[in-house]
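# A closer look at the structure
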Amino acid sequence: MSVLPLVFTSGWASGINAYAVVLLLGIFGATGLTDEVPASLQRTDVLIVAGVLFLCEVVADKIPYVDSVWDSVHTVVRPVSGAVVGALLAGQSGSLSDIAAGAVGGSTALVSHFVKAGTRMAINTSPEPLSNIVVSIAEDLGVAGLVTFAMFNPEAAAIIAAVLLAAGLALLIFLWSRIRRFLRRRAQRREEKRLATEARARTTGAPPL
């Protein structure tokens, strides 16, 4: 059976929470739930690092504005993780070339990441923090549920991931005005910080940082 559906689903999930994907796949492989997971993802050191980073993401992802900074840092990490996981899965099954699997996993993770990051920017225009927590929990549960489901029904899971990806893109277009508002606010805060630093430097006679 082709590993492409699993690669696509893991790519979608990696764009949302790459560390959860690595951790889940590693646990599934180590416990013998599936033989689709390569040994490199089952290593104890990989599981420990993925677990620690997953806990960091769980916290950062629920704090307004911190989540957007976290997303910015992971603009490269998530697509690369999706590509690497896809290539490893393909190498384990031998039903798809590593390059093709890496391209599918990485590109899917990139699109999924932009949907997540853009949605969070729109949510951060709201003054209350509850929506961040609710959305973050829903994302965590969605990633865990769909990756687990993909172990048993990869084709059905890939269809669900494709629908969620398309719905996310549509939502991103709908929320574009809020995203622009978030970006304007962030640029304004940076400009205010720069002006304050220059003013303080002029007052104290110290060079601006």
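Now for a description of the structure that goes with this document. (Residues numbered from 1 in each chain as written. Predicted model: local features only at pLDDT ≥ 70, side-chain atom pairs only at ≥ 80, totals over all residues. Heavy atoms only, no water.)

Bringing the overall build of the protein chain into the picture now. Broken down by element type, the protein chain carries seven helices and zero strands. Along the chain direction, N to C, the helices and strands of the protein chain fall in the order α-α-α-α-α-α-α. C-alpha extents for the protein chain along the principal axes are approximately 70 × 35 × 30 Å. With 209 residues in all, the protein chain has 43% of them scored as buried. Within the protein chain, counting contacts between residues at least 6 apart in sequence, those at least 24 apart form 74% of the total. Carbon together with sulfur atoms contributes 72% to the accessible area of the protein chain, which is approximately 10,600 Å² in total. (Helix = DSSP H or I, 4+ residues; strand = E, 2+ residues; numbered from the N terminus. Buried < 20%, exposed > 50% of the residue type's maximum accessible area, 1.4 Å probe, protein only. Contact = heavy atoms within 4.5 Å. Areas by Shrake-Rupley, 256 points an atom, 1.4 Å probe, with all protein chains shown as cover.)

Along an α-helix, a turn takes 3.6 residues, which lines up residues three or four apart on a common side. Over its 21 residues, helix H6 (residues 154-174) extends 30 Å from the first C-alpha to the last, a length consistent with the 30 Å expected when each residue adds 1.5 Å. Every buried residue belonging to H6 is among Pro 154, Ala 157, Ala 158, Ala 161, Leu 165, Gly 168 and Leu 172, and all of these are buried. Buried positions in H6, seen along its axis, are confined to an arc of 100° and lie on one side of it. Residues Ile 159, Val 163, Ile 173 and Phe 174 are exposed on H6 and point more than 90 degrees away from its buried face. (Expected span 1.5 Å × (residues − 1). Arc of directions from axis to C-beta.)

The next subject is the environment of Trp 12. Within the element layout of this structure, Trp 12 appears in helix H1 (residues 4-30). Aside from chain neighbours lying at most four places away, what touches Trp 12 is Thr 108, Ser 112, Gly 142, Val 143, Leu 146, Ala 161, Leu 164 and Leu 165.

Another point: a nonpolar patch on the surface. Residues Leu 130, Ile 133, Val 134, Ile 137 and Leu 141 make up a contiguous nonpolar surface patch of about 450 Å² in total accessible area. Looking at where Ile 137 falls in the secondary structure, it is placed in helix H5 (residues 130-152). (Patch = residues over 30% accessible without salt bridge, like charges linked within 9 Å, V, L, I, M, F, W, Y side chains within 5 Å. Salt bridge = Lys/Arg side-chain N within 4 Å of Asp/Glu carboxyl O.)

Here the focus is a positive patch on the surface. Together, Arg 178, Arg 180, Arg 181, Arg 184, Arg 185, Arg 189 and Arg 190 make up a region of like positive charge exposed at the surface. When you line up the elements, Arg 190 lands in helix H7 (residues 176-204). Judged by relative accessible area, which is 58%, Arg 190 ranks as exposed. (Lys, Arg positive; Asp, Glu negative; His and termini not counted. Charge placed at Lys NZ, Arg CZ, Asp CG, Glu CD.)

Now for the packing of H1 against helix H4 (residues 98-123). Between H1 and H4, the shortest axis-to-axis distance is 7 Å and the interhelical angle comes to 35°. Like other packed secondary-structure pairs, H1 and H4 cross with a definite hand, here right-handed. Mapping the contact onto sequence places Leu 4, Val 7, Phe 8, Gly 11, Trp 12, Ser 14, Gly 15 and Ile 16 in H1 and Ala 101, Val 104, Gly 105, Thr 108, Ala 109, Ser 112, His 113 and Lys 116 in H4. Of the residues contributing to the contact of H1 with H4, the split by class is eight nonpolar, seven polar and one charged. (Axes fitted to C-alpha atoms, helices over the stretch in contact; angles between N-to-C directions. Left-handed = near helix turned anticlockwise from the far one by under 90°. Nonpolar A, V, L, I, M, F, W, Y, C, P; charged D, E, K, R; others polar.)

Turning to the nonpolar core, a few remarks are in order. Formed by 29 residues in total, the largest nonpolar core has its most connected members in Trp 12, Leu 25, Val 143 and Val 147. Mapped onto this core, the elements with two or more residues apiece are H1, helix H2 (44-60), helix H3 (66-93), H5 and H6. For this core, the leading source of residues is H1, giving 12 residues. Judged by nonpolar contacts, the second largest core, of seven residues, contains Val 115, Leu 172, Leu 175 and Phe 182. (Core = buried A, V, L, I, M, F, W, Y, C linked by side-chain atoms within 4.5 Å.)

Quick look at the environment of Leu 55 now. Here Leu 55 lies in helix H2. When the C-alpha atoms of Leu 55 and Ile 133 are compared, they prove to be 14 Å apart, with 78 residues separating the residues in sequence.

Axis separation between H5 and H6 bottoms out at 6 Å; the angle between their running directions is 150°. The segment H5 lies against H6, with Leu 146, Phe 149, Ala 150 and Phe 152 engaging Pro 154, Ala 156, Ala 157, Ile 160, Ala 161 and Leu 164. Looking at the contact of H5 with H6, its residues break down into 10 nonpolar, no polar and no charged.

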